[in-house]
Amino acid sequence: MHAIDPAAFQSDLLVWYDEQARTLPWRIPPGSAATPDPYRIWLSEIMLQQTVVAAVKSYFEQFTSRWPTVEALAAAPEEDILTAWAGLGYYARARNLIACARTVAARGGFPDTEAELLTLPGIGPYTAAAIAAIAFDRPAAVVDGNIERVMARLHAVETPLPAARPDLKAHAAGLTPAHRPGDHAQALMDLGATICRPKAAACLVCPVARHCAASGSNPERLPRKTPKAPKPQRHGIAYWLERDGRVLLVRRPPKGLLGGMRAFPATDFVATPPTIGTNAPVTADWQPAGTAQHGFTHFHLTVDICRATGDADMDGEWWPIDTLQKAGLPTLFEKI
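Predicted model only: the values in this text are computed from it and were never measured.

S.K.: For the overall build of the chain, give the residues involved together with the corresponding values.
M.R.: Assigned secondary structure in the chain consists of 12 helices and 6 strands. With respect to the principal axes defined by its C-alpha atoms, the chain has extents near 70 × 45 × 30 Å. Burial analysis of the chain (336 residues in total) assigns 48% to the buried set. Across the chain, every contact between residues at least 6 apart in sequence was considered, and the portion connecting residues at least 24 apart equals 68%. As presented, the chain carries roughly 16100 Å² of accessible surface, and 53% of it is formed by carbon and sulfur atoms.

Following this line, the structure appears as C-alpha cells:
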C-alpha cells in the first residue's frame, strides 16, 4: 500500500499552483481577494462536461456577457439559450442548464453543500463537489478525468476504469484539505492537464513527483481502462426543402437526441437505412445531395441528404440560406 503524507502533498501542490495556475475566464486566481461567483463556476462546469477547455472559453464569455447572472439566464427564452449553446454538443446539458437556472433563481441562489447541489437539475456528484469546493470553500473531493489519472498514478492503482472509480474517489478524499479545498481541486485539474498528461507525462517537473508511486516508471500505462465495445452504426435521412432562397428548418422534439434544437426535417436514426420519403416534410421529387457522417457518444451516424424545391404545410421556419450560420444548428446539421 503506497502511503502519502497528505499535509506534505497539499503543501507541494499548492505552492506549485500559486505560481503556475492556468488563467481561465471563470477562475479566481490564487491569492485574489475576490469572492468566487457560484453562477460562473456552475456555468463553466456544465459547459466543461465532455468538452475541452479551449472550446468552452468563447461560449462561456458569450453567455456571461449576455446573461451575467443566474437570474438573467433563468429569465431568457429557452430558444435563445439553445441557439447560443449550438456547437457545444451534448444538448441535454443545455436543457438541464435552463431547468437548473430557473430552479436556482426561484430559490434565491445556489445552495452551498454537495447534498443540496445534487438535488438540482443536471448536477451530478462531480459537479456538486466542484461547486461546493470552488465556490463555497467546502472540503469536497472533486474527481474529474484529470484527477482520476493523477490519483491512479499517485497510488499505482492497477484496477481498470470504470471499476477503479470508488478507490480513486477515496484516494482523492484522503488528500483533500480543509484549508483552500477549491484551490486544491483546481490545482489537481491543472496538474492533470499540464503535467500528468495521458501521454508524455512530465514527471521531471512534477511538483508532487516525490509522493507518486508511478513517477518515472511508465506512468502513461495508468489508469488502466476496460476496452470499450465498438459503437453501433445508425442511419437516417435529412431533407433540404428550398424555396425562394430559403430552407425549411424545424424544432426537434423537446426530449431525446438534440432535443429542442433547430434542425432540418429528418427521419429517426435507425439501424437499417430508411427509404427516401420516410418522414419527409412534403411529397416531392427528392434528389440525393450528399452524405454526412457524425459521431455521437453511443453510436456512429450516416445521414443521406435529400433535396427538393417546394412548399410544406407544417410548423417550421423558412430560413435564408445565406444566413444559416446564425440559425444555431447543432454540429450534425451544420455538416448537412
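S.K.: Describe unusual backbone geometry, naming the residues involved and giving the relevant values.
M.R.: In this structure, the amide linkage connecting L161 to the following residue, P162, adopts the cis form with an omega of 5 degrees. Tracing the sequence through the fold places P162 in the loop between α9 (145-154) and α10 (165-175). With an omega dihedral of 0 degrees, the bond running from L222 to P223 counts as a cis peptide bond. Among the secondary structure elements, P223 is positioned in the loop between α11 (181-194) and β1 (233-243). With a phi angle near 55 degrees, A200 is a residue other than glycine that sits in the positive phi range. Positionally, A200 belongs in the loop between α11 and β1. The class for A200 is partly exposed, based on a relative accessible area of 48%.

S.K.: Describe the pattern of salt bridges, naming the residues involved and giving the relevant values.
M.R.: For the coordinates displayed, the defined rule picks out 14 salt bridges. A salt bridge links R210 to D12, with the shortest nitrogen-to-oxygen separation between them at 2.7 Å. Taken together, the residues span a long stretch of sequence, with R210 in the loop between α11 and β1 and D12 in helix α1 (residues 6-20) at a distance of 198 residues. Between E148 and R165 there is a salt bridge, with its nearest N and O atoms 2.6 Å apart. Of this pair, E148 sits in helix α9 while R165 is found in helix α10, placing the two residues 17 residues apart along the sequence. Here E148 falls in the buried class, since its relative accessible area comes to 10%. Judged by relative accessible area, which is 42%, R165 ranks as partly exposed. What you see here is one network of salt bridges that share partners, running through E79, R251, R262 and E317.

S.K.: Hey, could you go over the packing of helix α2 (residues 38-48) against helix α3 (residues 53-66) for me, with residue numbers and the actual values?
M.R.: Relative to each other, α2 and α3 sit at 140 degrees, their axes nearing to 10 Å. Between α2 and α3, the angle falls in the class oblique. Like other packed secondary-structure pairs, α2 and α3 cross with a definite hand, here right-handed. Facing α2, whose interface residues are Y39, R40, L43, S44, M47 and L48, α3 presents V53, V56, Y59, F60, F63 and T64. The residue inventory of the contact of α2 with α3, partitioned by class, reads 9 nonpolar, 2 polar and 1 charged.

S.K.: Lay out the packing of aromatic side chains with the relevant residues and their values.
M.R.: Within this structure, the stated rule accounts for 9 aromatic pairs. Here the aromatic rings of W42 and F110 are separated by 5.5 Å at their centres, their planes lie at 50 degrees, and the arrangement is tilted. Linking W42 in helix α2 with F110 in the loop between α6 (92-107) and α7 (114-117), this pair joins segments that are 68 residues apart in sequence. We classify F110 as buried; its relative accessible area is 14%. On the numbers, 5.0 Å between centres and 35 degrees between planes, the contact of F296 with F299 is tilted. Grouped by ring-pair contacts, the aromatic residues Y39, W42 and F110 constitute a single cluster.

S.K.: Talk me through the side chain of R262; I want residue IDs and the actual numbers.
M.R.: Within the secondary structure layout, R262 lies in strand β3 (residues 262-263). Looking at R262, its side chain comes within polar contact range of the side chain of E317, at 2.7 Å. For R262, the side chain forms a polar contact with the main-chain oxygen of A327, separated by 2.8 Å. Residues within four places of R262 in sequence aside, it is in contact with E79, T83, L249, V250, R251, E317, W319, A327, L329 and P330.

Conventions and cut-offs
Residues numbered from 1 in each chain as written. Predicted model: local features only at pLDDT ≥ 70, side-chain atom pairs only at ≥ 80, totals over all residues. Heavy atoms only, no water. Helix = DSSP H or I, 4+ residues; strand = E, 2+ residues; numbered from the N terminus. Buried < 20%, exposed > 50% of the residue type's maximum accessible area, 1.4 Å probe, protein only. Contact = heavy atoms within 4.5 Å. Areas by Shrake-Rupley, 256 points an atom, 1.4 Å probe, with all protein chains shown as cover. Salt bridge = Lys/Arg side-chain N within 4 Å of Asp/Glu carboxyl O. Axes fitted to C-alpha atoms, helices over the stretch in contact; angles between N-to-C directions. Parallel < 35°, antiparallel > 145°, perpendicular 65-115°, else oblique. Left-handed = near helix turned anticlockwise from the far one by under 90°. Nonpolar A, V, L, I, M, F, W, Y, C, P; charged D, E, K, R; others polar. Phe/Tyr/Trp six-rings, centres within 6.5 Å; stacked < 30°, edge-to-face > 60°. Polar contact = N/O pair within 3.5 Å; in protein donor to acceptor, adjacent residues only side chain to side chain.

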